[in-house]
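The chain contents come next:
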Amino acid sequence: MTQPVRIAQLSCGPEYSGIQHEIDEAAREVGGEIFFPDVALKDIRRDFAKFGLDVKSPDLKLAIARAMALVEGRVEADAVFIATCFRCAEAAIVRNELRRYINEHSRLPVVSYSFTERTTSGTLLTRMEALTTIAKRRALLARETQKGLTLGLDSGSATTKAVVMRDNKIIGTGWQPTTEVLKSANEVIAHALAEAGVSRDEIQAVGTTGYGRFLVGKEINADLIQEELTVNSKGAVYLANRQHGPATVIDIGGMDNKAISVMDGIPGVFTMGGICAGASGRFLEMTAKRLGVEITELGPLSMKGFGGRVPMNSYCIVFGTQSLVNALAAGSTREDVAAAACHSVAEQVYEQQLQEVDIKEPVIMVGGTSLIEGLVFAMGELLQTKIVVPPYSQYIGAVGSALLASGFIKDD
Amino acid sequence: MVKVFIYPATSLILSDMVARFGHTPLSSATAIRERIQTAGLESPPLQITPEEPKKGLKWAAVEVPAGVRGRMSLYGPMIEACEAAIIINDADLAFGCMGCARTNELIKFLVHQKDIPRLELNYPKNEEDGVKFVAAIKRFLTGLGGAK
């Protein structure tokens, strides 16, 4: 029996919010084990003063002392989970500073999360899985080239993608909107295989990722079933040819967004989520529909407009849609509205998520939304940097899966 | 016999003093230990479910963090029921502590709103202050009357 991955929990409020067992459950489901670094009362007094952040809540002082115990090696762990109450400003400051402190002074993977009483183990599962993957599969994540003939499948919330790779080259792709999970998966696989000119029997290893990874992975007997945080990071640095050194990966998805701070292709700090669909690709899909253009036309359209002329706040998808309708009714051009929608989504991701990771160049945007050039432009403006969009960026999860799956080829 | 709410509610010493003088302490049954191996300093001994933060809505609005509301579901009824209160400010962690500063602010505010006998002291920093501290608590509890 393999040892569980030891995940140190630094937190304030989960027990009194009634969700501690959800955190424990999420960790258990992915082979992890939550534990609380053992510190003494005198450690809390000393370390809190040494850290220098003068917070008032004793449980936050405890979290600081525990973080220092981990960084200084007084307590051993494989990964760190930082969790505090949603809407607590004091806790948000501590959460951010501890995440930064641990990331800068140790190699421990960290994920931070702000919870409510409605947080469930399902919400936390992908984050926990990423933590355990980084801890358990460092050797696999270090893989830099794809070997043999492999298939990668990304069963996403909005679209399903498949890629066939041979000897470090993409030779077949398949893409379609996700309807029935298995049916969509089978169809994109068939397309990718046909384009590659190979049969399913010739494939030496298969990897799956995305929301439907377990269902599809079981169905097609995948060698690797892995969450999209680590897989997409790997795919991003591989395709952007930035496998060494720091990078930041941004994936604005159909249902949620991921912001990942990467070092040598391995995630260090990451966030996942989104306050509302207004900060996701869904809002851009809706915008395209309302403007009467295909989603593929939204990018070029937005580049002809100026978003500053249209007030838009997609903090909530309903309010964002109202802004959109109002702007069009007031005579705004489609180009300006398209640009404003792109800016609004980029701004939400910037405000809600990118503050939780350290932005280090190069910034790589991936996923289907990275093909919407207006969105990439808006993100570049906000971050004051040139965003890298690698080739095949919409297939990022599938490419990452195919790359990592080659580590499972028998002779390898 | 008077129902006395104590703050920090986790202080076993304070709880014991209230009981010794014949009153009923309203407090949590959580002890602060020298080594902390639980999620929080005052991890609840009882099972808190996601329903507790909802019950806490009686004392704190929905935009208040869930951890505050969960705590208020425990301490809110105690504050409502109390007939006297002892509040110790800036207590040492070992004396008793409650993990969330925002909850602590709300608890003290709600106690202040009640027209009840209240003793408010700073935690003593030396032996001399300690003696005065214990004497003040003794005087307060004796003065409440109705001890059983």
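Residues numbered from 1 in each chain as written. Chains lettered and ligands numbered in written order. Predicted model: local features only at pLDDT ≥ 70, side-chain atom pairs only at ≥ 80, totals over all residues. Heavy atoms only, no water.

Student: Quick one: what's the story with the sheet that holds strand β7 (residues 159-166) of chain A, residue by residue and with numbers?
Tutor: Residue and element names in this part refer to chain A. Judged by pairing direction, the sheet is mixed, and its five strands sit side by side in the order β8-β7-β6-β9-β10 without closing on themselves. Lying at the two open borders of the sheet, with one neighbouring strand each, are β8 (169-177) and β10 (224-225). Note: strand β9 (residues 205-209) against β10, two bridges, orientation parallel. Paired with T208 across the strands is I225, a residue of β10. Along the sheet face, helix α7 (residues 181-196) touches β6 (149-155), β7 and β8 and points at about 145 degrees away from the line of β8. (Pairing = 2+ DSSP bridges. Helix = DSSP H or I, 4+ residues; strand = E, 2+ residues; numbered from the N terminus. Contact = heavy atoms within 4.5 Å. Axes fitted to C-alpha atoms, helices over the stretch in contact; angles between N-to-C directions.)

Student: Outline the pairing of strand β4 (residues 79-85) of chain A, listing residues and values.
Tutor: All names here are of chain A. Counting buried residues along β4, seven of its seven residues qualify, which places the element largely inside the surrounding structure. In this sheet, β4 lies alongside strand β1 (residues 5-12) in parallel orientation, the contact comprising six bridges. If you follow I7 over to β4, its bridge partner there is A79. Two elements, β4 and strand β5 (residues 110-115), share six bridges in a ladder whose sense is parallel. When the bridges of β5 are listed, T84 appears paired with S114. (Buried < 20%, exposed > 50% of the residue type's maximum accessible area, 1.4 Å probe, protein only.)

Student: Account for the pattern of salt bridges, with residues named and values stated.
Tutor: Residue and element names in this part refer to chain A. For the structure shown, the criterion picks out 32 salt bridges over all chains. A salt bridge links R99 to D358; the nearest nitrogen and oxygen atoms lie 3.4 Å apart. Within this pair, whereas R99 is found in helix α4 (residues 89-105), its partner D358 is found in the loop between α13 (334-352) and β14 (363-366), the two being separated by 259 residues in sequence. Looking at R99, the relative accessible area reads 0%, which means it is buried. The exposure class of D358 is buried, given its relative accessible area of 13%. Through salt bridges with shared partners, a single network forms among K42, D43, R46, D47, K50, E72 and R74. (Salt bridge = Lys/Arg side-chain N within 4 Å of Asp/Glu carboxyl O.)

Student: Would you mind going over the nonpolar core in detail, with residue names and values included?
Tutor: If you look at the biggest cluster of nonpolar residues, it comprises 122 residues, and the most contacted ones within it are F81(A), I102(A), M128(A) and M379(A). By residue number, the principal contributor to this core is helix α3 (residues 58-71) of chain A, which donates 10 residues. Beyond its immediate stretch of four places on either side in the chain, I102(A) contacts L10(A), A67(A), V71(A), V80(A), I82(A), L108(A) and V110(A). By size, the runner-up hydrophobic cluster in this structure holds 21 residues, among which are W59(B), I79(B), M98(B) and V111(B). (Core = buried A, V, L, I, M, F, W, Y, C linked by side-chain atoms within 4.5 Å.)

Student: Break down the side chain of S323(A) for me, citing the residues and quoting the values.
Tutor: With respect to the helices and strands, S323(A) occurs in helix α12 (residues 317-329). Discounting chain neighbours no more than four positions away, the residues touching S323(A) are P311(A), M312(A) and N313(A).

Student: Account for the interface of chain A and chain B, with residues named and values stated.
Tutor: At the junction of the two partners, chain A supplies 33 residues and chain B supplies 38 residues. Both faces combined, the contact of chain A with chain B buries some 2,800 Å², and carbon together with sulfur accounts for 55% of it. Two residues, D92(B) and R45(A), come together in a salt bridge whose shortest N-O distance is 3.0 Å. Scanning the region where chain A abuts chain B turns up 18 residue pairs in polar contact (both at pLDDT 80 or more). At the level of secondary structure, the elements contributing two or more residues to the side of chain A that touches chain B comprise β1, α1 (20-29), β3 (39-40), α2 (41-51) and α3 of chain A. Split by residue class, the side of chain A that touches chain B holds 13 nonpolar, nine polar and 11 charged. Bridge count between β3(A) and strand β3 (residues 35-36) of chain B: two bridges; the pairing is antiparallel. Across the sheet, the residue bridging to A40(A) is R35(B), located in β3(B). (Buried area = accessible area lost by both parts, 1.4 Å probe. Polar contact = N/O pair within 3.5 Å; in protein donor to acceptor, adjacent residues only side chain to side chain. Nonpolar A, V, L, I, M, F, W, Y, C, P; charged D, E, K, R; others polar.)

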